[in-house]
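# Fold and geometry: a report
Residues per chain, in single letters:
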Amino acid sequence: MAFDQIIKGGNVVTPAGIFTGDVGITGEKISALGVNLEGDNSTKVIDAKGHHVIPGVLDVHVHLELPFCGTVSADDYRSGTRAGARGGVTTLIDFAIPYAGESLSQAADNWMKKAEGKSLIDYTFHICITRWNDHKDQIKGMVDRGFTTFKEFMIYESEGWQSDDRAMFGTLEKMKEYGTMLLVHAESARVLDELIARHHTPEIMQKYGARLHRMTRPNFIEAEAIQRAVQWCEATGGQLYIVHMSTGEGADIIRAAQARGVPVLAETCVQYLVLDDSVFDREDGHLYACCPQVKKPKDVQRLWKGLKSGEVSVVSTDTCTFDREQKAMWNGDWTKIPMGMPGLETLMPLTYTHGVLGGKISLEEMCTKLSTNPAKIMGLYPKKGALQVGADADIAIIHPDIKHTVDPNSMETNADWSPYEGWELAGFSRTTLSRGDVIVDDYCVVGKEGRGQWLPRKTAGLAS
Ligand code: URP
Ligand code: ZN
Ligand code: ZN
């Protein structure tokens, strides 16, 4: 076997277990896993002694250059994918959202243009259905074009994105028919609107500031919406995937539904695993506004438990970066805070440091939740998601315990702040390979802008 590269002597995490040895790479693919693999004079050797060699991370919930909340999110395909690569992310899935009056196909074209020539890593998009009457007959065409995951938002009426029960029900019927999957942002719009209206007075805003973000989104706002989406999933048999689940109640609903055979899966985001809503008591608490917002310590614990016991299948980021100037648009009114946080660069470091080093999940479980499950569920496996022969050579090499301090000044994201500023994290990628190309070397991005490829898909929604 001729190897172009051999990664030597690492602690290699594979679906069959962990071993100390080598990964052989030929062209863009993994061509061998073994001990003492031999190359020839032209084989490049990457030393991984004393390091974990793990599958590249798939962040399947990302928003780059998204027009939202009256501005445009600050990380584009250049900065966002460079940030991801530093954190071992080798594939991302963004959301193509139609602008006013546009078709699903136009939305995909728009997002293709954002990515082309800029993306360092491979990518694809979930297609967002925002106007059911117009979009329902366009879904099959998108499946034929290689897009097999769709998304509906139960909130965001003012953005023109909100779907009602009729749309969700009809979309799930189509997902069942096509073997595709619907992702849902589950928050209960009408009750949320009511709670916001009750608190939206100058006196209350003056008194509570950004704390109103947590005060107007109690856990039942998410729980009721998840319950309703699960009901439509159960009624139709269409595959459902709850994005950015933030509550313990949500995890309980998903667990119970899965136990009775309902085809629903759930993702959480790393911020819901390491932050809680005491952040809104900070002077700069408004920076932490994302949607849904981070919850209570008991929710944090329940979500970790859900990862361990299986009802939470995936950890992603919901990256939607706004810098300090953009966040300042709130000017004392919490309903005007651009919602979202940077995340791609710190997904694996946070999950590794708090999950694996924190004793909550094993290294193999981390790889399952960050790589293998997302690849399987999103229809990218076995090309992506695991270190095995024939897979793309998408690989991260991380030191087991060397820590770096999170400092926005030395990061790739365009954010000028980080929710984790000053945190000491292990798990940044010393070396990242994407389809065999070294794109991060010695913790620095070295890959070529625009080398990332769009990933067409045929299937989705396969539970792990
Ligand atoms: O705060 C967030 N999550 N911003 C992005 C939009 C969404 O709901 O995912
Ligand atoms: Zn959302
Ligand atoms: Zn999102």
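Residues numbered from 1 in each chain as written. Chains lettered and ligands numbered in written order. Predicted model: local features only at pLDDT ≥ 70, side-chain atom pairs only at ≥ 80, totals over all residues. Heavy atoms only, no water.

## Observations concerning the overall build of the chain
Heads up, the condition is: Helix and strand definitions follow DSSP, with helices as H or I runs of at least four residues and strands as E runs of at least two, each counted in order from the N terminus. The globule rule is 2.2 Å times the number of residues to the power 0.38, and the radius of gyration it is compared with is taken over C-alpha atoms. A 1.4 Å probe rolled over the protein chains alone gives each residue an accessible area, and that area as a share of the maximum for its type sets the label: buried under 20%, exposed over 50%, partly exposed in between. Should any heavy atoms of two residues lie within 4.5 Å, those residues are considered in contact.
Regarding its fold elements, the chain presents 15 helices and 21 strands. By the compact-globule yardstick of 23 Å for 464 residues, the chain fits well, its C-alpha radius of gyration being 21 Å. The 464 residues of the chain split such that 63% are buried. Within the chain, counting contacts between residues at least 6 apart in sequence, those at least 24 apart form 74% of the total.

## Considering the packing of aromatic side chains
To keep things clear, this is the line we draw: Centres within 6.5 Å are what make two rings of Phe, Tyr or Trp a pair, Trp counting through its six-membered ring; a difference in plane orientation under 30 degrees is then read as stacked, over 60 as edge-to-face, and the rest as tilted. Sitting over a ring, as applied to charges here, requires NZ of Lys or CZ of Arg to be within 6 Å of the ring centre and within 35 degrees of the ring normal.
Per the counting criterion, the structure on display carries 13 aromatic pairs. Centroid distance Tyr 123 to Phe 125: 5.8 Å. Interplanar angle 40 degrees. Geometry classified as tilted. For Tyr 123, a relative accessible area of 3% gives the class buried. Relative to Trp 423, the ring of Tyr 420 lies with its centre 5.1 Å away and its plane at 70 degrees, an arrangement referred to as edge-to-face. Since its relative accessible area comes to 24%, Trp 423 is described here as partly exposed. A connected cluster of aromatic rings, assembled from ring pairs, spans Tyr 77, Tyr 123, Phe 125, Phe 147 and Trp 454. Directly above the ring of Phe 95 sits Lys 151, whose terminal nitrogen or CZ lies 4.1 Å from the centroid. The ring of Tyr 381 has Lys 376 lying over it, and the distance from NZ or CZ to the ring centre is 5.1 Å.

## Comments concerning the site of ligand 1
Convention followed: Residues are classed as near a molecule or strand on a simple rule: at least one heavy atom within 4 Å of it. Under this definition, polar contacts are N or O atom pairs within 3.5 Å; protein pairs additionally need one hydrogen-donor-capable and one acceptor-capable atom, and for neighbouring residues in sequence, both atoms have to be side-chain atoms. All accessible-area figures derive from a Shrake-Rupley calculation using a 1.4 Å probe, and residue coverage is judged against the displayed protein chains alone. Side-chain classes are defined by residue name, with Ala, Val, Leu, Ile, Met, Phe, Trp, Tyr, Cys and Pro counting as nonpolar, Asp, Glu, Lys and Arg as charged, and the others, Gly among them, as polar.
In the vicinity of ligand 1, the residues found are His 61, His 63, Phe 68, Tyr 156, His 185, His 244, Cys 290, Cys 291, Asp 318, Cys 320, Met 339 and Gly 340. Take Tyr 156: an N or O atom from its side chain is 2.5 Å from an oxygen atom of ligand 1. For ligand 1, the protein covers 100% of the area, taking 270 Å² as the surface of the free molecule. Within the shell around ligand 1, the residues separate by chemical class into 6 nonpolar, 5 polar and 1 charged.

## Here we look at the coordination of the zinc ion (ligand 3)
Test applied: Counted as donors are N, O and S atoms no farther than 2.8 Å from the metal, or 3.2 Å for Na, K and Ca; water is not among the atoms, and sites may therefore look incomplete. Each label reflects the angles at the metal, where four donors whose angles all fall between 85 and 135 degrees are tetrahedral, four or six donors whose opposite pairs open beyond 155 degrees and whose other angles stay between 65 and 115 are square planar or octahedral respectively, and the rest are irregular.
Here the zinc ion (ligand 3) is held by His 61 (NE2), His 63 (NE2) and Asp 318 (OD), and the distances to it run 2.0 to 2.2 Å. Its 4 donor atoms give the zinc ion (ligand 3) angles of 86 to 141 degrees at the centre, a pattern that matches the irregular case. In the primary structure, the donors to the zinc ion (ligand 3) are separated according to the pattern H-x1-H-x254-D. Separation of the zinc ion (ligand 3) from the zinc ion (ligand 2) amounts to 3.7 Å.

## Overview of the pairing of strand 12 (residues 181–185)
In the case of a regular strand, side chains alternate between the two sheet surfaces. To keep it simple, the criterion reads: Whether two strands pair comes down to DSSP finding at least two bridges between them. We call a crossover right-handed when, viewed with both strands directed away from the observer, the connection leading from the first strand over the helix to the second proceeds clockwise.
Strand 12 sits mainly inside the fold: 5 of its 5 residues count as buried. In strand 12, alternate side chains face the same way, and those of Met 181, Leu 183 and His 185 on one face and Leu 182 and Val 184 on the other are all buried. Pairing of strand 11 (residues 149–153) with strand 12, which is carried by 5 bridges, proceeds in the parallel orientation. Bridge pairing in strand 12 places Glu 152 opposite Val 184. Once the chain exits strand 11 it traverses helix 5 (residues 165–178) before rejoining the sheet at strand 12, and the crossover so formed is right-handed.

## With respect to the packing of helix 14 (residues 347–356) against helix 15 (residues 363–377)
Worth spelling out the cut-off: Throughout, an axis means a line fitted to C-alpha atoms (over the contacting stretch in the case of helices), and angles, computed between N-to-C directions, take values from 0 to 180 degrees. The handedness criterion is simple: a crossing whose near helix is rotated anticlockwise from the far helix by less than a right angle is left-handed, and one whose near helix is rotated clockwise is right-handed.
Following both chains from N to C, one finds helix 14 and helix 15 inclined at 145 degrees, their axes separated by 10 Å at the closest point. Of the two possible hands of crossing, helix 14 and helix 15 adopt the one that is right-handed. Counting all contacts with helix 14, which are made through Leu 347, Met 348, Thr 351, Tyr 352 and Val 356, the residues of helix 15 involved are Leu 363, Met 366 and Leu 370. Here the contact of helix 14 with helix 15 is built from residues that sort into 7 nonpolar, 1 polar and no charged.

## Focus: the coordination of the zinc ion (ligand 2)
Protein coordination at the zinc ion (ligand 2) comes from His 185 (ND1) and His 244 (NE2), with a distance range of 2.0 to 2.1 Å. For the zinc ion (ligand 2), the 4 donor atoms in the first shell make angles of 55 to 149 degrees at the metal, a pattern classed as irregular.

## Observations concerning the domain arrangement of the chain
Heads up, the condition is: Boundary definitions for the domains trace back to an automatic or database domain assignment. Once two parts are put together, the accessible area they lose, assessed with a 1.4 Å probe and summed over both, is termed the buried area. Definition used for salt bridges: Asp or Glu carboxyl oxygen within 4 Å of a side-chain nitrogen of Lys or Arg.
One can read the domain layout of the chain as domain 1 (5–54 + 393–445) and domain 2 (56–381). Computed over C-alpha atoms, the centres of domain 1 and domain 2 are 27 Å apart. On the domain 2 side, the residues contacting the 39 residues of domain 1 number 40 residues. Between domain 1 and domain 2 lies a buried interface of about 3,500 Å² when both sides are counted; carbon and sulfur atoms form 63% of it. For the domain 1 face of the interface with domain 2, the top three residues by lost area are Glu 412, Trp 417 and Tyr 420, together amounting to 20%. Seen at the junction of domain 1 and domain 2, the total is 2 salt bridges. The partner of Glu 412 in a salt bridge is Arg 82, with the nearest N and O atoms 2.9 Å apart. At the level of elements, strand 1 (5–14), strand 2 (17–26), strand 5 (52–55), strand 16 (395–398), strand 18 (424–425), strand 19 (429–434) and strand 20 (437–441) are the ones that each hand at least two residues to the side of domain 1 that touches domain 2. Its residues placed into classes, the side of domain 1 that touches domain 2 shows 22 nonpolar, 10 polar and 7 charged.

## Overview of the pattern of salt bridges
Overall, the coordinates contain 35 salt bridges when judged by the stated rule. A salt bridge links Glu 194 to Arg 198; its shortest N-O distance comes to 2.9 Å. You can see Glu 194 and its partner Arg 198 sitting in helix 6 (residues 189–199), 4 residues apart, about one turn around the helix. Of the residues examined, Arg 198 reaches a relative accessible area of 54% and is grouped as exposed. Between Glu 311 and Arg 255 there is a salt bridge, with its nearest N and O atoms 2.8 Å apart. Placement of the pair is Glu 311 in the loop between helix 12 (297–309) and strand 15 (314–316) and Arg 255 in helix 10 (residues 248–259), with a sequence separation of 56 residues. Accessibility expressed as a relative area gives 1% for Glu 311, which makes it buried.

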